[in-house]
Amino acid sequence: MKQTDELKQTTEEMDQAAQQPAAEKPAAEGKPNPDDLPVYLYKQGNNFEAQRFFGSHLEEQGGEKGVMFRLWAPHATAVSVVGDFNSWKPGSHPMKKIDGASIWELFIPGMKEYDVYKYAVVTRAGDLVHKADPYALHAETRPSNGSKVYDLSGFGWTDAAWQEAQKAKDFINGPMNIYEMHAGSWKMKQKEDGTYVPYNYSELADLLIPYLTEMGYTHVELLPIMEYPFDGSWGYQVSGYFAPTSRYGTPKDLMAFVDKMHGAGIGVIMDWVPAHFPKDQFGLYMFDGEPCYEDPNPRRGEHKEWGTMVFNFGMNEVQSFLISSALYWLEQYHIDGLRVDAVASMLYLDYNRRDGEWEQNIHGGKENLEAIAFLQKLNTAVLTRHPEKYMIAEESTAWPNVTKPASEGGLGFNFKWNMGWMNDMLSYMSSDPIYRSYNHNKVTFSFFYAFSENFVLPISHDEVVHGKCSLINKMPGEYDDKFANLRTFFGYMMAHPGKKLLFMGQEFGQFNEWYEAKPLDWELLDYDKHKQLQQYVKTLNQFYKDHPAFWQVDYSWEGFQWIVPDDYQQSVVAFLRKDAAGKQIMIACNFTPVLRESYIMGAPVAGSYKELLNSDDAAFGGSGLHHNKNVRSKKVPMHGFDQSITITLPPLSAVYFEVPAPRAAKPKTAKAAADEAETKTTAKKTATRKAAGEKKTTTARRTTKSKVEKGAASKETKAEKAEKAEKKAPAKRGRKPKAEKPAEE
């Protein structure tokens, strides 16, 4: 805002105060100032715990308790702390530079936990702006947006056993079945006036744990819970990178949520958004009147369609800020992994930009070199400290080596969402089955690249909002057909290589799109089809956990083998999944509403194949009419196998079979071994006698042969004479051959 005379006087006072030297802190002679190292590392882009230095912290100085404030504002001419404690008057508590350049500091005695504050920043243009603390640990609930002093210490964690177990776990080759959810709308309290309010974090955990445990999920993933101003952004436009949103309680309430989840054996993943931030005036945008956290280049620093700003990934202070945020959630809140949002928008300079709205990098390409280097640095920092944590990329392009280490030229994540699979399969499943034969490649194409990255198969919130329909409403056909299609899809998805993710409400077939202001339609579980679908998903989840073939070798061809990849005419696929010990499960999927009786396909070993799960089971809402009794293989080669089996595939179904173990040779008894040894001895003696007899016979044959050869030589001489005489004799006249009969037309 433009200055009034009163404001001008205030800013002048702040400028004068800022020019005064900061009070010297007592330090032992010959010892460096302890503040020097965090400032140095921060400016090098290597302070990965910047929130310990910046922000607001309860301290005691000179026997007085109060709060220490520190802020990075490189372009500001003056900064002061304002709040209820000084009637929000700018300049009454001016901050001072401690490095002579960009870092401001002030200790205010008497301030206490939960006190609300902001920074009053005077820009080089002379404007005064009020900003929330970028490093605030707690914040007011929207529509208010002030920062709050908060003490993180004192929470009694009880998850030490969980933490230690994670360090020893091989999560790449372990089960991961994620339930993605929005904390504020999974379930809500209804007030007397009919409006809904969310549960706090701790209350939510008490409701959520029994459900996730019963359903068999291994992890829960929360849509962003960092503080954000606009409900409709679902948390993807962040204003507080170190503050859990106060919509659902205090920071310690979130700690309680995570602690309870770990106590129940459930991992916690949260969405984290380093790609961009909103333009709200109280936030990071133009923090000190000029580009500070955002890229100053207008062709790089803004996503116009999203209305957000892009971080300046090449600036060291911004790197320290973001990497500190990532580690803060993993360490302070014991979060098990971060799903990094919108990675593709970071990698490409032309992402969502028209010609003329972006510029090439120094090599003439469209890759954002600074963002690539930042992601490599981020993942290296996190996974070096915590190799047991997950860094999951939401990357929607074919960028290579996303899950390869940065030291090998990769981006350094350990998982990547398989957006290509998701798009192909939702397109395929939403089409009428009569046309699926023409799109068979959408079912099979993902296997060409399934092992190129450590993939997660995501059916996320983005696919069930903004007119895209809920998952069950994407399915074609009448009411029953929709459920049959969805069961088939879930069965195929669970068997496909890769970890799994499903957004809340899809497990019981919610027909409405998700809306963040209302709870899920739990009343649908009063209807048989929805309850049966939920039971099917529960059964699938348990089957997944119980069978290592579905997760132990997820990222190698050694864990997968095609049987029927190309039966496009009948829209059938069949394949094998294998665990590390070689135990196999056969999967067959029929994507049409046509019964496939006497369907013959190759079988890897001889024996009896047992049906383990059938999506058409009556318990799951299917017909229950078409089950396979134990199926014996036949020695009829097919699909590259020596054996084959004949099965029944119900309409729109996924069927799992247990593959029999290969028959091992029976151990020999002592008598059999003795008989075999005696037989070998006898055979050896016979062979010796025979060899001796053959030697005598060979000598005799050689003698006879020489005699025969001599006789043959004389006979050949007579034959030659007869042949010469025959050549001189005239040839006999033969009968003229008849002409061939012409072919009938």
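So, here is what we can say about the structure in this document. No experiment lies behind these values; they were computed from the predicted model shown.

## A look at the environment of G621
The topology assignment puts G621 in the loop between β29 (608–614) and β30 (631–632). Exposure remark for G621: the relative accessible area of 7% places this residue in the buried category. Measuring from C-alpha to C-alpha, the distance between G621 and Q535 comes to 9.3 Å, with 86 residues separating the pair along the chain. With near-sequence residues (within four places) excluded, G621 lies in contact with R487, K529 and Q532.

## Notes on the packing of aromatic side chains
By convention here, two paired aromatic rings are described through the distance between centres and the angle between planes. Inspection of the entire model under this criterion finds 62 aromatic pairs. Both rings, one in W234 and one in W514, keep their centres 5.0 Å apart while their planes meet at 55 degrees; by these two values the pair is tilted. Highlighted residues: W234 in the loop between β14 (226–227) and β15 (240–244) and W514 in the loop between β24 (499–503) and α13 (528–546), separated in sequence by 280 residues. On the basis of relative accessibility, which here comes to 8%, the residue W234 falls in the buried class. Using a relative accessible area of 6% as the deciding quantity, one classes W514 as buried.

## Examining the pattern of salt bridges
Applying the stated rule across the entire model yields 25 salt bridges. The residue K538 makes a salt bridge to E214 at a minimum N-O spacing of 3.6 Å. Linking K538 in helix α13 with E214 in helix α4 (residues 201–215), this pair joins segments that are 324 residues apart in sequence. Overall, the relative accessible area of 48% leaves E214 in the partly exposed class. A single salt-bridge network, built from bridges that share partners, covers E49, R52, E331 and R385.

## Structural notes on the sheet that holds strand β2 (residues 64–72)
Read from one edge to the other, the open sheet built from 4 strands follows the order β1-β2-β5-β4, with strand pairing classed as antiparallel. Unpaired on one side and paired on the other, β1 (55–61) and β4 (96–97) mark the two borders of the sheet. Looking at chain direction, β4 and strand β5 (residues 103–109) are connected through 2 bridges and run antiparallel. Looking at the pairing, K96 lines up with E105 of β5.

## Regarding the nonpolar core
Judged by nonpolar contacts, the single largest core of 172 residues is most densely connected at Y241, F257, Y293 and F489. It is helix α6 (residues 316–332) that provides the largest number of residues to this core, a total of 9 residues. With near-sequence residues (within four places) excluded, F257 lies in contact with Y201, L204, A205, L208, L222 and V268. I563, Y599, I647 and V655 belong to the second-largest nonpolar core, a separate cluster that totals 20 residues.

What counts as what
- Residues numbered from 1 in each chain as written.
- Predicted model: local features only at pLDDT ≥ 70, side-chain atom pairs only at ≥ 80, totals over all residues.
- Heavy atoms only, no water.
- Helix = DSSP H or I, 4+ residues; strand = E, 2+ residues; numbered from the N terminus.
- Buried < 20%, exposed > 50% of the residue type's maximum accessible area, 1.4 Å probe, protein only.
- Contact = heavy atoms within 4.5 Å.
- Phe/Tyr/Trp six-rings, centres within 6.5 Å; stacked < 30°, edge-to-face > 60°.
- Salt bridge = Lys/Arg side-chain N within 4 Å of Asp/Glu carboxyl O.
- Pairing = 2+ DSSP bridges.
- Core = buried A, V, L, I, M, F, W, Y, C linked by side-chain atoms within 4.5 Å.

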